[in-house]
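# Survey of secondary and tertiary structure
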Amino acid sequence: MSTLENTFAHHLAATPVVAILRGLQPADAGAVGRALIDAGIRLIEVPLNRPHAHKALATLIDAVGSDAMVGAGTVLDVGEVNVVNDLGGRFIVSPDTNESVIAETKHRGLISLPGFFTASEAFRAIRAGADALKLFPGDIAGAAGVKALKAVLPDDVPLLVVGGVSAANAATFKTAGASGYGIGSALFKPGWTAGQVSEAATAFVAAIRG
């Protein structure tokens, strides 16, 4: 494993949450990032399909330093992988199983978390070099879907459930075999203060740790 892969694995094991900050504004990035870190979350994603996302990503990376691993989500092409790499992002999340994005992510030495829904897509992603898999939408697959997929997927490839995960159902997904979760609106909504993010993140982390 590379140093980056070890760091990702360590953060995921400590608190199995990727915070998804869709709609994050640059002016709020530092305070929101620190609130998540203080709650124990060390993996933070900024989706690129919102205005000012690149600036928010860069600001967040500068603000958190080595205290968290920051990456980008909704990455659709190789060009965006290179932009994220240049900004200092450390992982790439895509909504689909795009083998060219996965390959470029690994070429740049970053962590690859492609989206998938079927076993066929999952194995395509693994063969292309994915470090972990993002099952989306998780609420459609449900715990039964996670359990069925885990029966055939390699044990050493983490499966993160994204979409519809809450403090109330996270344990069900974990029992089915999920390695972690991607959490968006339960942790952050555009316009939330750092205090609101802190309250939501602290409660969510406490719930999943039992």
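Preceding block: the structure.
What counts, and at which threshold
- Residue indices begin from 1 for each chain and proceed along its sequence in written order.
- Thresholds applied to this predicted model are a pLDDT of at least 70 for local features of residues and 80 or more for the giving and counting of side-chain atom pairs; totals over whole chains, interfaces and linings are not thresholded and use all residues.
- Hydrogens and water are ignored here; the side-chain numbers use all heavy atoms of the structure.
- Under the DSSP-based scheme used, a helix requires at least four consecutive residues in state H or I and a strand at least two consecutive residues in state E, with every element numbered from the N terminus.
- Three exposure classes are used, based on accessible area relative to the maximum for each residue type with a 1.4 Å probe and protein chains only: buried under 20%, partly exposed in between, and exposed over 50%.
- By the convention used here, strands pair only if DSSP detects at least 2 bridges between them.
- For a crossover, the right-handed case is the one in which the path from the first strand over the helix to the second runs clockwise, viewed with the strands pointing away from the viewer.
- Multiply 1.5 Å by the residue count of a helix minus one, and that product is the helix's expected span.
- By definition, the arc is the one covered by directions from the helix axis to the C-beta atoms.
- Should any heavy atoms of two residues lie within 4.5 Å, those residues are counted as being in contact.
- We define a nonpolar core as any set of buried Ala, Val, Leu, Ile, Met, Phe, Trp, Tyr and Cys residues linked to one another through side-chain atoms lying within 4.5 Å.
- The angle between two axes is taken between their N-to-C directions and runs from 0 to 180 degrees, where each axis is a line fitted to C-alpha atoms and a helix contributes only its stretch in contact.
- By the definition adopted for this analysis, an angle is roughly parallel if under 35 degrees, roughly antiparallel if over 145, roughly perpendicular if from 65 to 115, and oblique otherwise.
- A crossing counts as left-handed when the near helix is turned anticlockwise from the far one by less than a right angle, and as right-handed when that turn is clockwise.

Note on placement: Glu-199 falls in helix α9 (residues 194-209). On the accessibility criterion, Glu-199 (61% relative accessible area) is exposed. C-alpha separation for the pair Glu-199 and Ala-35, spaced 164 residues apart in sequence, amounts to 8.7 Å.

Where burial is concerned, the two faces of strand β7 (residues 159-162) agree: the one with Leu-159 and Val-161 and the one with Leu-160 and Val-162 are both buried. Examined bridge by bridge, strand β6 (residues 133-135) and β7 share 3 bridges and lie parallel to one another. Looking at the pairing, Leu-133 lines up with Leu-159 of β7. Chirality of the crossover, the property in question, places the unit of β6, helix α7 (residues 138-150) and β7 among those that are right-handed. Two strands pair when backbone bridges link them, and β7 and strand β8 (residues 180-183) are joined in this way by 3 bridges, in the parallel orientation. For Val-161, the partnering residue across the bridge sits in β8 and is Tyr-181. Taking the sense of rotation as the criterion, the β-α-β connection linking β7, helix α8 (residues 170-176) and β8 turns out right-handed.

This brings us to helix α1 (residues 3-14). The end-to-end C-alpha distance of α1 is 16 Å, a good match for the 16 Å that 12 residues give at a rise of 1.5 Å each. Along α1, the positions that sit buried rather than exposed are Leu-4, Phe-8, His-11 and Leu-12. Each buried residue of α1 sits inside an arc of 100 degrees when the element is viewed along its axis, so together they form one side. The outward face of α1, more than 90 degrees from its buried face, is lined by the exposed residues Thr-3, His-10 and Ala-13. Looking at the buried positions of α1, the neighbouring elements they touch are β1 (17-20), β2 (43-47), β3 (69-73), β5 (111-116) and β7.

Turning our eyes to something else, we now look at the environment of Arg-50. Checked against the element boundaries, Arg-50 lands in the loop between β2 and α3 (53-64). The spatial distance from the C-alpha of Arg-50 to the C-alpha of Phe-173 is 29 Å, given a sequence separation of 123 residues. Residues within four places of Arg-50 in sequence aside, it is in contact with Arg-22 and Gly-23.

Time to look at the nonpolar core. Among the nonpolar cores identified, the biggest contains 57 residues, and Leu-21, Leu-24, Leu-36 and Leu-60 are the most heavily contacted of them. Looking at this core, the element that brings in the most residues is α3, giving 6 residues. What Leu-36 contacts, discounting residues up to four positions off in sequence, is Ala-19, Leu-21, Ile-41, Ile-44, Val-197 and Ala-201. By size, the runner-up hydrophobic cluster in this structure holds 12 residues, among which are Leu-4, Val-18, Leu-43 and Leu-113.

Tracing the backbone through its elements, the reader meets Glu-45 in strand β2. Not counting chain neighbours up to four residues away, the residues in contact with Glu-45 comprise Val-18, Ala-19, Ile-20, Leu-21, Gly-71, Ala-72, Gly-73, Thr-74, Phe-91 and Val-93.

At a closest axis distance of 8 Å, the pairing of helix α2 (residues 26-38) and α3 adopts a crossing angle of 45 degrees. What the angle tells us is that α2 and α3 run oblique. In the crossing of α2 with α3, the sense of the turn from one axis to the other is right-handed. Along its contact with α2, which presents Pro-26, Ala-29, Gly-30, Gly-33, Arg-34 and Ile-37, the element α3 presents Lys-55, Ala-56, Thr-59, Leu-60, Ala-63 and Val-64.

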